[in-house]
Amino acid sequence: MPQNQAKTHAGTAFIEGRYLPIAEAAIPIEDWGFLHSDATYDVVHLWNGHFFRLEEHLTRFQESMKGLRLNCPYSREQIGDILKECVQRSGLKDAYVEMICTRGQPAPGSRDLRTCRNRFYAFAVPFIWLANEEQRSRGLHLSISETERISPKAVNPVIKNYHWLDFVRGLFDAYDRGAETAVLVDGSGNVIEGPGFNIFAVHGNRLTTPASGMLEGITRRTVLELAAESGLEISETALPTDRLRQADEAFISSTAGGIMPIGTVDTRPVGQQVPGRITQNLMNAYWALHDDPNFATPAYD
Ligand code: PLP
(Lines give C-alpha, C1' and ligand atoms only; values in the text may rest on other atoms or scores of the structure.)
Protein backbone atom coordinates (compact mmCIF):
# COMPACT_ATOMS: atom_id res chain seq x y z
CA MET A 1 0.00 0.00 0.00
CA PRO A 2 1.44 3.44 -0.90
CA GLN A 3 2.48 5.35 2.19
CA ASN A 4 0.03 8.25 1.83
CA GLN A 5 -2.85 5.80 1.43
CA ALA A 6 -1.83 3.97 4.59
CA LYS A 7 -1.83 7.31 6.41
CA THR A 8 -5.26 8.30 5.10
CA HIS A 9 -6.77 5.02 6.19
CA ALA A 10 -5.46 5.31 9.72
CA GLY A 11 -8.11 7.96 10.41
CA THR A 12 -8.84 11.66 10.57
CA ALA A 13 -9.31 14.01 13.51
CA PHE A 14 -10.89 17.42 13.96
CA ILE A 15 -9.01 19.59 16.46
CA GLU A 16 -9.51 23.32 17.02
CA GLY A 17 -11.20 23.86 13.68
CA ARG A 18 -8.71 21.83 11.62
CA TYR A 19 -8.85 18.36 10.06
CA LEU A 20 -5.64 16.38 10.34
CA PRO A 21 -4.35 12.82 10.15
CA ILE A 22 -5.10 10.96 13.37
CA ALA A 23 -1.39 10.43 14.08
CA GLU A 24 -0.88 14.19 14.19
CA ALA A 25 -3.90 14.93 16.38
CA ALA A 26 -3.04 16.37 19.81
CA ILE A 27 -4.94 18.23 22.47
CA PRO A 28 -3.61 21.08 24.63
CA ILE A 29 -2.10 19.51 27.74
CA GLU A 30 -3.88 22.02 30.01
CA ASP A 31 -7.34 21.07 28.79
CA TRP A 32 -9.27 19.94 31.88
CA GLY A 33 -10.79 17.22 29.76
CA PHE A 34 -7.36 15.63 30.01
CA LEU A 35 -6.28 16.87 33.45
CA HIS A 36 -9.55 16.13 35.30
CA SER A 37 -11.59 13.88 32.96
CA ASP A 38 -13.91 16.88 32.80
CA ALA A 39 -15.48 15.94 29.51
CA THR A 40 -18.19 13.98 27.82
CA TYR A 41 -18.11 12.04 24.60
CA ASP A 42 -20.11 9.82 22.34
CA VAL A 43 -19.24 7.16 19.81
CA VAL A 44 -21.24 6.28 16.74
CA HIS A 45 -20.12 3.61 14.35
CA LEU A 46 -19.99 3.65 10.61
CA TRP A 47 -20.82 0.42 8.83
CA ASN A 48 -20.56 0.04 5.09
CA GLY A 49 -20.34 3.81 4.65
CA HIS A 50 -23.38 4.53 6.86
CA PHE A 51 -23.64 5.90 10.39
CA PHE A 52 -25.78 3.69 12.62
CA ARG A 53 -28.41 5.57 14.66
CA LEU A 54 -26.57 8.88 14.25
CA GLU A 55 -29.48 11.01 15.50
CA GLU A 56 -29.73 9.01 18.74
CA HIS A 57 -25.99 9.44 19.36
CA LEU A 58 -26.17 13.18 18.69
CA THR A 59 -29.14 13.50 21.05
CA ARG A 60 -27.34 11.60 23.81
CA PHE A 61 -24.22 13.72 23.27
CA GLN A 62 -26.22 16.94 23.53
CA GLU A 63 -27.96 15.74 26.69
CA SER A 64 -24.61 14.74 28.21
CA MET A 65 -23.16 18.18 27.48
CA LYS A 66 -26.20 19.83 29.02
CA GLY A 67 -25.86 17.62 32.12
CA LEU A 68 -22.25 18.74 32.59
CA ARG A 69 -22.97 22.39 31.75
CA LEU A 70 -20.73 22.25 28.72
CA ASN A 71 -21.37 24.62 25.84
CA CYS A 72 -20.24 23.11 22.59
CA PRO A 73 -18.92 25.71 20.16
CA TYR A 74 -20.75 23.89 17.33
CA SER A 75 -24.44 23.27 16.67
CA ARG A 76 -25.90 19.78 16.34
CA GLU A 77 -25.97 20.16 12.57
CA GLN A 78 -22.35 21.34 12.48
CA ILE A 79 -21.29 18.39 14.66
CA GLY A 80 -22.99 16.01 12.21
CA ASP A 81 -21.16 17.70 9.32
CA ILE A 82 -17.80 17.50 11.12
CA LEU A 83 -18.26 13.76 11.77
CA LYS A 84 -19.14 13.26 8.11
CA GLU A 85 -16.10 15.24 7.00
CA CYS A 86 -13.81 13.21 9.30
CA VAL A 87 -15.19 10.03 7.75
CA GLN A 88 -14.90 11.28 4.18
CA ARG A 89 -11.34 12.47 4.67
CA SER A 90 -10.40 9.15 6.29
CA GLY A 91 -11.89 7.21 3.38
CA LEU A 92 -13.08 4.58 5.87
CA LYS A 93 -16.21 2.53 5.27
CA ASP A 94 -16.34 0.80 8.66
CA ALA A 95 -15.29 3.15 11.41
CA TYR A 96 -15.42 4.15 15.05
CA VAL A 97 -16.37 7.81 15.13
CA GLU A 98 -15.98 9.74 18.36
CA MET A 99 -17.13 13.24 19.34
CA ILE A 100 -15.83 14.86 22.52
CA CYS A 101 -16.60 18.05 24.41
CA THR A 102 -14.14 19.07 27.12
CA ARG A 103 -14.15 21.80 29.75
CA GLY A 104 -11.10 23.40 28.12
CA GLN A 105 -8.91 25.51 30.37
CA PRO A 106 -9.80 28.33 32.74
CA ALA A 107 -8.65 31.89 32.21
CA PRO A 108 -4.96 32.41 33.10
CA GLY A 109 -4.46 32.32 36.87
CA SER A 110 -8.06 31.23 37.53
CA ARG A 111 -9.55 27.92 38.72
CA ASP A 112 -13.10 29.07 38.06
CA LEU A 113 -14.85 26.58 35.80
CA ARG A 114 -17.07 29.33 34.50
CA THR A 115 -14.12 30.98 32.79
CA CYS A 116 -13.37 27.92 30.66
CA ARG A 117 -13.86 27.96 26.93
CA ASN A 118 -15.25 24.51 26.21
CA ARG A 119 -13.73 22.62 23.31
CA PHE A 120 -14.97 20.16 20.74
CA TYR A 121 -12.92 17.38 19.19
CA ALA A 122 -13.82 14.53 16.87
CA PHE A 123 -12.16 11.67 15.05
CA ALA A 124 -12.83 8.70 12.80
CA VAL A 125 -10.62 5.60 13.02
CA PRO A 126 -11.05 2.04 11.73
CA PHE A 127 -13.92 0.09 13.33
CA ILE A 128 -13.11 -1.18 16.83
CA TRP A 129 -14.44 -4.52 18.12
CA LEU A 130 -14.59 -5.04 21.87
CA ALA A 131 -14.28 -8.76 21.12
CA ASN A 132 -12.12 -10.08 18.31
CA GLU A 133 -13.34 -12.66 15.79
CA GLU A 134 -12.23 -15.64 17.87
CA GLN A 135 -13.81 -14.22 21.02
CA ARG A 136 -17.05 -13.56 19.18
CA SER A 137 -17.27 -17.13 17.93
CA ARG A 138 -16.44 -18.89 21.21
CA GLY A 139 -17.71 -16.18 23.57
CA LEU A 140 -15.80 -13.79 25.82
CA HIS A 141 -14.24 -14.94 29.07
CA LEU A 142 -15.84 -12.59 31.56
CA SER A 143 -14.93 -12.03 35.17
CA ILE A 144 -17.37 -10.60 37.69
CA SER A 145 -15.36 -7.92 39.41
CA GLU A 146 -15.44 -7.09 43.09
CA THR A 147 -14.82 -3.51 42.06
CA GLU A 148 -17.88 -1.31 42.30
CA ARG A 149 -18.78 0.98 39.43
CA ILE A 150 -18.43 4.56 40.62
CA SER A 151 -21.64 5.45 42.45
CA PRO A 152 -24.38 7.19 40.42
CA LYS A 153 -24.56 9.52 43.42
CA ALA A 154 -21.04 10.67 42.49
CA VAL A 155 -20.99 10.53 38.70
CA ASN A 156 -24.15 10.26 36.64
CA PRO A 157 -23.58 7.13 34.52
CA VAL A 158 -26.21 8.25 32.00
CA ILE A 159 -23.77 10.98 30.96
CA LYS A 160 -21.12 9.22 28.91
CA ASN A 161 -17.88 9.86 30.78
CA TYR A 162 -14.20 9.06 31.09
CA HIS A 163 -14.30 8.06 34.76
CA TRP A 164 -12.79 4.69 33.94
CA LEU A 165 -10.36 3.95 36.79
CA ASP A 166 -12.89 1.50 38.27
CA PHE A 167 -13.01 -0.31 34.92
CA VAL A 168 -9.22 -0.25 34.65
CA ARG A 169 -8.94 -1.89 38.07
CA GLY A 170 -11.61 -4.44 37.15
CA LEU A 171 -9.82 -5.24 33.88
CA PHE A 172 -6.45 -5.84 35.51
CA ASP A 173 -8.09 -8.10 38.12
CA ALA A 174 -9.82 -9.94 35.28
CA TYR A 175 -6.54 -10.44 33.38
CA ASP A 176 -4.93 -11.78 36.58
CA ARG A 177 -7.73 -14.36 36.75
CA GLY A 178 -7.28 -15.41 33.13
CA ALA A 179 -10.39 -13.59 31.90
CA GLU A 180 -10.58 -11.16 28.99
CA THR A 181 -12.95 -8.59 30.34
CA ALA A 182 -14.84 -7.63 33.46
CA VAL A 183 -18.27 -6.58 34.53
CA LEU A 184 -18.48 -4.32 37.56
CA VAL A 185 -21.05 -4.43 40.35
CA ASP A 186 -23.22 -1.77 41.96
CA GLY A 187 -23.37 -0.94 45.67
CA SER A 188 -25.75 -3.90 46.23
CA GLY A 189 -23.56 -6.44 44.45
CA ASN A 190 -25.61 -6.66 41.23
CA VAL A 191 -23.74 -6.69 37.92
CA ILE A 192 -24.07 -3.32 36.28
CA GLU A 193 -21.87 -2.68 33.22
CA GLY A 194 -18.39 -3.20 31.86
CA PRO A 195 -15.71 -1.12 30.12
CA GLY A 196 -17.63 0.06 27.08
CA PHE A 197 -20.59 -2.29 27.29
CA ASN A 198 -23.98 -3.12 28.77
CA ILE A 199 -24.79 -6.66 29.84
CA PHE A 200 -27.69 -9.06 29.20
CA ALA A 201 -28.61 -12.49 30.54
CA VAL A 202 -31.09 -14.90 28.93
CA HIS A 203 -33.11 -17.40 30.97
CA GLY A 204 -35.53 -19.36 28.80
CA ASN A 205 -37.46 -16.75 26.83
CA ARG A 206 -36.61 -13.91 29.20
CA LEU A 207 -33.99 -11.25 28.65
CA THR A 208 -32.67 -9.43 31.73
CA THR A 209 -30.54 -6.30 31.82
CA PRO A 210 -29.89 -3.78 34.60
CA ALA A 211 -32.41 -0.93 34.66
CA SER A 212 -30.33 1.89 36.11
CA GLY A 213 -26.90 2.83 37.38
CA MET A 214 -25.29 2.40 33.96
CA LEU A 215 -24.97 4.18 30.64
CA GLU A 216 -28.16 3.76 28.64
CA GLY A 217 -26.40 2.30 25.61
CA ILE A 218 -27.78 2.89 22.15
CA THR A 219 -26.97 -0.75 21.38
CA ARG A 220 -28.81 -1.75 24.57
CA ARG A 221 -31.82 0.22 23.34
CA THR A 222 -31.59 -1.53 19.96
CA VAL A 223 -31.43 -4.94 21.66
CA LEU A 224 -34.51 -4.14 23.75
CA GLU A 225 -36.43 -2.99 20.67
CA LEU A 226 -35.47 -6.10 18.70
CA ALA A 227 -36.26 -8.34 21.66
CA ALA A 228 -39.72 -6.79 22.03
CA GLU A 229 -40.39 -7.26 18.31
CA SER A 230 -39.37 -10.91 18.46
CA GLY A 231 -41.67 -11.63 21.42
CA LEU A 232 -39.04 -12.14 24.11
CA GLU A 233 -39.99 -11.26 27.67
CA ILE A 234 -37.94 -8.35 28.92
CA SER A 235 -36.88 -7.57 32.47
CA GLU A 236 -35.11 -4.28 33.00
CA THR A 237 -34.21 -4.96 36.59
CA ALA A 238 -31.32 -5.65 38.94
CA LEU A 239 -29.15 -8.53 37.75
CA PRO A 240 -27.67 -10.40 40.73
CA THR A 241 -24.31 -12.09 40.11
CA ASP A 242 -25.77 -15.60 40.60
CA ARG A 243 -28.53 -14.92 38.10
CA LEU A 244 -25.85 -14.08 35.52
CA ARG A 245 -23.91 -17.23 36.44
CA GLN A 246 -27.04 -19.37 35.94
CA ALA A 247 -27.99 -17.84 32.58
CA ASP A 248 -28.73 -19.98 29.52
CA GLU A 249 -27.05 -17.32 27.42
CA ALA A 250 -25.33 -14.02 28.13
CA PHE A 251 -23.98 -11.25 25.97
CA ILE A 252 -22.63 -7.73 26.00
CA SER A 253 -23.78 -4.83 23.83
CA SER A 254 -21.71 -1.92 22.54
CA THR A 255 -21.31 0.42 19.61
CA ALA A 256 -17.84 -1.14 19.42
CA GLY A 257 -19.04 -4.46 18.00
CA GLY A 258 -22.79 -4.71 18.54
CA ILE A 259 -23.95 -7.83 20.37
CA MET A 260 -21.13 -10.13 21.49
CA PRO A 261 -21.62 -13.42 23.35
CA ILE A 262 -20.15 -14.32 26.71
CA GLY A 263 -18.64 -17.83 26.77
CA THR A 264 -17.64 -18.14 30.41
CA VAL A 265 -18.34 -16.29 33.63
CA ASP A 266 -15.54 -16.69 36.17
CA THR A 267 -14.24 -19.67 34.12
CA ARG A 268 -17.61 -21.53 34.19
CA PRO A 269 -19.26 -22.04 30.77
CA VAL A 270 -22.52 -20.19 30.13
CA GLY A 271 -25.32 -22.39 28.75
CA GLN A 272 -25.01 -25.19 26.19
CA GLN A 273 -23.69 -23.42 23.13
CA VAL A 274 -22.15 -20.10 22.13
CA PRO A 275 -23.64 -18.02 20.70
CA GLY A 276 -26.95 -19.32 22.04
CA ARG A 277 -30.01 -19.31 19.77
CA ILE A 278 -31.52 -16.10 21.15
CA THR A 279 -28.18 -14.26 21.08
CA GLN A 280 -27.59 -15.37 17.49
CA ASN A 281 -31.06 -14.24 16.39
CA LEU A 282 -30.54 -10.85 18.01
CA MET A 283 -27.10 -10.52 16.39
CA ASN A 284 -28.57 -11.28 12.96
CA ALA A 285 -31.41 -8.80 13.45
CA TYR A 286 -28.99 -6.16 14.76
CA TRP A 287 -26.72 -6.32 11.73
CA ALA A 288 -29.71 -6.44 9.34
CA LEU A 289 -30.82 -3.07 10.75
CA HIS A 290 -27.62 -1.57 9.33
CA ASP A 291 -29.23 -1.74 5.86
CA ASP A 292 -32.44 -0.08 7.04
CA PRO A 293 -32.62 3.61 5.99
CA ASN A 294 -34.47 4.38 9.23
CA PHE A 295 -31.29 3.53 11.13
CA ALA A 296 -28.50 4.09 8.60
CA THR A 297 -27.38 7.57 7.47
CA PRO A 298 -25.01 7.75 4.50
CA ALA A 299 -21.67 9.41 5.26
CA TYR A 300 -20.72 9.70 1.61
CA ASP A 301 -22.70 11.76 -0.94
N1 PLP B 1 -21.51 1.35 29.20
C2 PLP B 1 -20.38 2.10 29.13
C3 PLP B 1 -19.68 2.48 30.40
C4 PLP B 1 -19.88 2.51 27.89
O5 PLP B 1 -18.77 3.27 27.84
C6 PLP B 1 -20.57 2.12 26.71
C7 PLP B 1 -20.06 2.52 25.41
O8 PLP B 1 -18.98 3.04 25.25
C9 PLP B 1 -21.71 1.33 26.82
C10 PLP B 1 -22.16 0.98 28.09
C11 PLP B 1 -22.46 0.89 25.59
O12 PLP B 1 -23.11 1.99 24.99
P13 PLP B 1 -23.42 2.04 23.44
O14 PLP B 1 -24.25 0.85 23.13
O15 PLP B 1 -24.16 3.33 23.23
O16 PLP B 1 -22.11 1.98 22.73
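Residues numbered from 1 in each chain as written. Predicted model: local features only at pLDDT ≥ 70, side-chain atom pairs only at ≥ 80, totals over all residues. Heavy atoms only, no water.

(A) Representation of the nonpolar core within the structure. Counting 24 residues, the largest nonpolar core has Phe-51, Ile-79, Leu-83, Val-97, Met-99 and Phe-120 as the members making the most contacts within it. Those elements giving two or more residues to this core turn out to be strand 3 (39-47), helix 3 (54-67), helix 4 (76-90), strand 5 (95-102) and strand 6 (119-126). Counting residues per element, this core draws most heavily on helix 4, which supplies five residues. Setting aside residues up to four positions removed in sequence, Phe-120 forms contacts with Phe-14, Glu-16, Phe-61, Cys-72, Pro-73, Tyr-74, Ile-79, Ile-82, Met-99 and Ile-100. Formed by 19 residues, the second largest nonpolar core is a distinct cluster that contains Ala-131, Val-183, Ile-252 and Val-270. (Core = buried A, V, L, I, M, F, W, Y, C linked by side-chain atoms within 4.5 Å. Buried < 20%, exposed > 50% of the residue type's maximum accessible area, 1.4 Å probe, protein only. Helix = DSSP H or I, 4+ residues; strand = E, 2+ residues; numbered from the N terminus. Contact = heavy atoms within 4.5 Å.)

(B) Expanded view of the sheet that holds strand 17 (residues 296-298). Ordered by their spatial adjacency, seven strands build an open sheet running 2-1-6-5-3-4-17, and the pairing between neighbours is antiparallel. Two strands in the sheet have a free side with no partner beyond their single neighbour: strand 2 (18-21) and strand 17. When the angles between neighbouring strand axes are averaged without regard to direction, this sheet yields 25°. Two elements, strand 4 (residues 50-52) and strand 17, share three bridges in a ladder whose sense is antiparallel. Note that in strand 17 the partner of Phe-51 across the bridge is Thr-297. (Pairing = 2+ DSSP bridges. Axes fitted to C-alpha atoms, helices over the stretch in contact; angles between N-to-C directions.)

(C) Region of the structure containing the domain arrangement of the protein chain. For the protein chain, the domain assignment lists domain 1 (12-126) and domain 2 (133-290). Taken together, the contacts link 20 residues of domain 1 with 20 residues of domain 2. At the boundary of domain 1 with domain 2, total buried surface from both sides reaches about 1800 Å², with 62% on carbon and sulfur atoms. Taken together, the connections running from domain 1 to domain 2 amount to one salt bridge. Ionic pairing is found between Glu-225 and Arg-53, a salt bridge with its closest N-O pair at 3.1 Å. Residue contributions to the side of domain 1 that touches domain 2 peak at eight residues, all from strand 3. A class-by-class count of the residues in the side of domain 1 that touches domain 2 yields nine nonpolar, six polar and five charged. (Domains from an automatic or database assignment. Buried area = accessible area lost by both parts, 1.4 Å probe. Salt bridge = Lys/Arg side-chain N within 4 Å of Asp/Glu carboxyl O. Nonpolar A, V, L, I, M, F, W, Y, C, P; charged D, E, K, R; others polar.)

(D) Representation of a nonpolar patch on the surface in the model. Among the surface-exposed residues, Ile-27, Ile-29, Phe-34 and Leu-35 lie close enough to one another that they form a single nonpolar patch of about 410 Å² accessible area. For Leu-35, the location among the structural elements is in helix 2 (residues 32-35). In this structure Leu-35 comes out as partly exposed when scored by relative accessible area, which is 45%. (Patch = residues over 30% accessible without salt bridge, like charges linked within 9 Å, V, L, I, M, F, W, Y side chains within 5 Å. Areas by Shrake-Rupley, 256 points an atom, 1.4 Å probe, with all protein chains shown as cover.)

(E) Quick peek at the site of the ligand. The immediate surroundings of the ligand are formed by 17 residues, with Lys-160, Glu-193, Ile-218, Thr-219 and Thr-255 found nearest. Within the side chain of Lys-160, a nitrogen or oxygen atom sits 2.4 Å from an oxygen atom of the ligand. At a separation of 2.6 Å, an oxygen atom of the ligand approaches a polar side-chain atom of Thr-219. In isolation the ligand exposes 390 Å². Once the protein is present, 94% of that is buried. Listed by contribution, the elements that provide at least two residues to the shell around the ligand are helix 7 (218-229) and strand 14 (249-254). Across the shell around the ligand, the residue classes break down as six nonpolar, eight polar and three charged. (Near = heavy atom within 4 Å. Polar contact = N/O pair within 3.5 Å; in protein donor to acceptor, adjacent residues only side chain to side chain.)

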